[in-house]
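Each chain, written out:
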Amino acid sequence: MMKEQSVKINSLKHVLFGSLIGTTIEFFDFYIYANAAVLVFPQLFFPGADSTTSTLESLATFSIAFLARPLGSAVFGHYGDKIGRKVTLVVALLTMGISTISIGFLPSYASIGVLAPILLMLCRFGQGVGLGGEWGGAVLLAIENAPPHKRAWYGMFPQLGAPIGLLLSGGTFLLLTDSMSSEAFMDYGWRIPFIASSLLVLIGFYIRLKISETPAFENSKEEQKEVKVPFVTVFKSYKNQLIFGTLAAITTFLVFYLMTVFMLNWNTKGLGFSNREALLIQLFSVLFFAIFIPISALAADKIGRRKMLIYTTIAIAVFGFFFSFFLTTNNIVLVTVFVCLGMSLMGFIYGPLGTFLSELFPTTVRYTGASLTFNMAGILGAAFAPMVAIKLSDLYGIASVGMYLTVAACISLVSLLVISKDEHKF
């Protein structure tokens with residue numbers, strides 16, 4: 001009886017806001033790094049012989065977090081499946097938050113030499129570990145409290161953290177670049193978002209502490225279905241779900257980081273837009289990302305998560321053919337339309353993704369399985385995507401970047417067609 005009462009403490013408001021606020025904070029922290037990796041870090045931490053080399057070195061540190069995320073998935077997933085979602089989510093949030101705040105206090109290359117980029121990489125690694133544990137837990141907090149016919153709808157709330165976090169990070173950088181000189185911004189202004197994120201972490205920490213365990217996890221404990229090592233069980237018993245789920249999700253990551261990090265670099269370095277113009281394009285396009293997440297979730301609850309992902313993946317494959325049409329001109333309207341189309345497709349594919357991946361695994365290994373699948377897709381689809389895209393555009397032109405996206409979409413499409421259609425009990 002006591003367990004049943006504790007489960008009922010989780011009101012709809014607490015569940016949805018608790019899952020949303022955490023991912024918003026996590027993605028805000030993650031994306032302020034992405035903006036700084038293009039606009040600030042090349043000059044301050046990687047003063048190379050030319051801007052392209054410095055940018056590529058900076059983006060290499062950006063990729064470290066994606067390599068760290070599966071580690072976060074394994075560690076936090078293990079404890080999330082063993083001791084519960086709540087405690088694990090709190091620790092993941094603190095790991096991400098402390099790593100981000102630390103970046104705001106780092107000295108530059110001019111001050112301490114090569115130690116500066118090394119410390120930056122360590123902080124970025126911490127960000128990756130934290131986010132690797134955060135995403136899966138936040139999604140499970142939502143969908144394990146959801147009625148079966150609204151699982152995608154509940155599951156899209158943590159997904160909304162991505163566009164909201166991006167809006168906050170991009171808006172913060174835009175406000176800072178507008179309100180201070182470029183010298184002041186490069187000197188200390190860029191540090192403000194990293195240090196200010198401490199306030200958001202405190203809010204998220206407070207809200208997470210008020211949330212109880214999910215009914216699905218409590219029921220699993222009562223039925224004594226706990227597995228000894230969830231990580232091993234996932235690789236042993238759910239290998240196909242892990243492999244094809246990972247490949248199915250790579251397009252989601254690729255289209256997002258092409259529309260954000262790569263486009264920020266292409267618009268400023270390739271097309272000659274100012275930092276302000278590039279950030280405004282990005283911020284405007286994020287509105288389309290946010291709008292289509294709930295729309296796709298509603299559709300996914302009606303036609304099925306897998307079908308929704310298949311249809312959107314086909315659309316993204318076609319979208320890849322239009323890179324050369326929109327991005328070989330410095331017409332800001334055409335470029336904005338292109339990025340908005342890409343972010344709309346991102347909303348369609350991202351909305352039901354968390355629910356889809358979670359349904360591939362049973363409760364006993366769901367935290368570990370869904371997190372590993374999502375974050376391994378991050379390595380394949382995003383860790384090196386901005387660097388690969390920049391190199392492709394330099395060597396073969398912008399059309400090759402579109403082909404890169406189309407090929408990835410075809411791989412995801414095949415994976416979605418062959419993946420198991422079974423849904424596990426919640």
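These numbers were taken from a predicted model, which means no experiment stands behind them.

Secondary structure assignment for the chain yields 21 helices and zero strands. For 426 residues, the compact-globule estimate of 2.2 N^0.38 gives 22 Å, and the chain sits close to it at 21 Å. Projecting the C-alpha coordinates of the chain onto the three principal axes gives extents of approximately 65 × 45 × 35 Å. Counting 28 positive and 22 negative side-chain charges, the chain places the averaged centre of each group 8 Å from the other.

Let us now look at the nonpolar core. Membership of the largest hydrophobic core comes to 128 residues, with the highest contact counts inside it found for Phe41, Tyr257, Phe323 and Tyr350. Considering every element that reaches this core, the biggest residue donor is helix α13 (residues 239-270), with 16 residues. Look past the residues within four positions of phenylalanine 41 in its chain and what remains in contact with it is Tyr33, Ala36, Phe46, Ser58, Ile103, Leu120, Trp190 and Phe194. Of all hydrophobic cores here, the second largest spans five residues; its members include Ile21, Leu93, Val201 and Ile207.

Approximately 200 Å³ is the volume found for the largest pocket. Among the residues forming the lining of the largest pocket, the class breakdown is six nonpolar, nine polar and one charged.

Further remarks concern the confidence of the model for the chain. Residues of the chain with pLDDT of at least 70 account for 94%, and the chain-wide mean is 87. The model gives residues 1-8 a pLDDT under 50, and that stretch makes seven contacts with residues more than four places away or in other chains.

We now examine empty space enclosed by the protein. Across all of its chains, the model carries five cavities of 30 Å³ or more by this definition. For the largest cavity, the calculated volume is near 80 Å³. Around the largest cavity, the lining residues are Phe27, Tyr31, Arg69, Ala162, Thr252, Phe253, Phe256, Tyr257, Phe289, Met346, Tyr350 and Phe374. Put simply, the parts of the chain that give the lining of the largest cavity at least two residues each are α2 (12-39), α13 and α17 (332-350). Ranked by the residues each element gives to the lining of the largest cavity, the list is headed by α13, at four residues. Classifying every residue of the lining of the largest cavity by side-chain character gives 10 nonpolar, one polar and one charged.

Right, let's get into the packing of helix α4 (residues 51-82) against helix α19 (residues 366-383). Viewed as axis vectors pointing N to C, α4 and α19 meet at an angle of 175°, and their least axial separation amounts to 8 Å. Between α4 and α19, the interaxial angle falls into the category roughly antiparallel. Across from Ser63, Phe66, Leu67, Arg69, Pro70, Ser73, Ala74, Phe76, Gly77, His78, Gly80 and Asp81 in α4, the residues of α19 making contact are Arg366, Tyr367, Thr368, Ser371, Leu372, Phe374, Asn375, Met376, Gly378, Ile379, Ala382 and Ala383. Classifying every residue of the contact of α4 with α19 by side-chain character gives 12 nonpolar, nine polar and three charged.

Looking now at the pattern of salt bridges. With the rule as written, the count across this model stands at five salt bridges. When the shortest N-O distance is used, the salt bridge between arginine 305 and aspartate 301 registers 3.0 Å. Per residue, the accessibility class of arginine 305 equals that of aspartate 301, and both read buried. One network of salt bridges, with partners in common, ties together Arg151, Asp301, Arg305 and Glu359.

What follows deals with α19. Taking 1.5 Å of rise per residue, the 18 residues of α19 would be expected to cover 26 Å, and the 24 Å separating its terminal C-alpha atoms lies within 8% of that figure. A large share of α19 lies buried, amounting to 15 of its 18 residues.

Next up on the list: the packing of helix α14 (residues 275-303) against helix α15 (residues 305-319). Contact pair α14 / α15: the axes reach a minimum separation of 7 Å and the direction vectors enclose 125°. Considered as vectors, α14 and α15 are oriented oblique to each other. Contacts between α14 and α15 pair Ser296, Ala299, Ala300, Asp301 and Ile303 from the former with Arg305, Lys307, Met308 and Tyr311 from the latter. Taken together, the residues of the contact of α14 with α15 sort by class into five nonpolar, one polar and three charged.

Next up on the list: the packing of aromatic side chains. In this description, a pair of aromatic rings is defined by centroid distance and the angle of the planes. Here the structure, examined in full by the defined rule, presents 26 aromatic pairs. With centroids separated by 4.9 Å and ring planes inclined at 90°, the aromatic side chains of phenylalanine 256 and tyrosine 257 adopt a geometry described as edge-to-face. In this structure, phenylalanine 256 and tyrosine 257 share a single accessibility class: buried. Note on phenylalanine 325 and phenylalanine 326: the rings are 5.0 Å apart at their centroids and 85° apart in plane angle, and the pair reads as edge-to-face. In this structure phenylalanine 325 comes out as exposed when scored by relative accessible area, which is 54%. A connected cluster of aromatic rings, assembled from ring pairs, spans Tyr31, Phe66, Trp135, Phe253, Phe256, Tyr257, Phe289, Tyr350 and Phe374. Here the guanidinium or amino end of arginine 124 rests over the ring plane of tyrosine 33, the centre of that ring lying 4.2 Å away.

Structurally, lysine 269 can be placed in helix α13. What makes lysine 269 partly exposed here is its relative accessible area of 44%. Taking the C-alpha atoms as reference points, lysine 269 and serine 51, separated by 218 residues in sequence, lie 9.1 Å from one another. In this structure the side chain of lysine 269 is engaged in a polar contact, spanning 3.3 Å, whose partner is the side chain of threonine 55.

Quick look at the environment of lysine 228 now. Residue position: lysine 228 is located in the loop between α11 (215-222) and α12 (230-237). Between the alpha carbons of lysine 228 and alanine 65 there is a distance of 28 Å; along the sequence they are 163 residues apart. Apart from residues no more than four positions distant in its own chain, lysine 228 is found in contact with His78 and Lys82.

Procedures and definitions
Residues numbered from 1 in each chain as written. Predicted model: local features only at pLDDT ≥ 70, side-chain atom pairs only at ≥ 80, totals over all residues. Heavy atoms only, no water. Helix = DSSP H or I, 4+ residues; strand = E, 2+ residues; numbered from the N terminus. Rg over C-alpha atoms; globule rule 2.2 N^0.38 Å. Lys, Arg positive; Asp, Glu negative; His and termini not counted. Charge placed at Lys NZ, Arg CZ, Asp CG, Glu CD. Core = buried A, V, L, I, M, F, W, Y, C linked by side-chain atoms within 4.5 Å. Buried < 20%, exposed > 50% of the residue type's maximum accessible area, 1.4 Å probe, protein only. Contact = heavy atoms within 4.5 Å. 1 Å grid on protein atoms, 1.4 Å probe; cavity = no way out; pocket = protein on both sides within 12 Å on 5 of 7 lines; lining within 4 Å. Points joined across faces, edges and corners; volume = space filled by probe spheres on them. Nonpolar A, V, L, I, M, F, W, Y, C, P; charged D, E, K, R; others polar. pLDDT = per-residue confidence, 0-100. Axes fitted to C-alpha atoms, helices over the stretch in contact; angles between N-to-C directions. Parallel < 35°, antiparallel > 145°, perpendicular 65-115°, else oblique. Salt bridge = Lys/Arg side-chain N within 4 Å of Asp/Glu carboxyl O. Expected span 1.5 Å × (residues − 1). Phe/Tyr/Trp six-rings, centres within 6.5 Å; stacked < 30°, edge-to-face > 60°. Lys NZ or Arg CZ within 6 Å of the ring centre and 35° of its normal. Polar contact = N/O pair within 3.5 Å; in protein donor to acceptor, adjacent residues only side chain to side chain.

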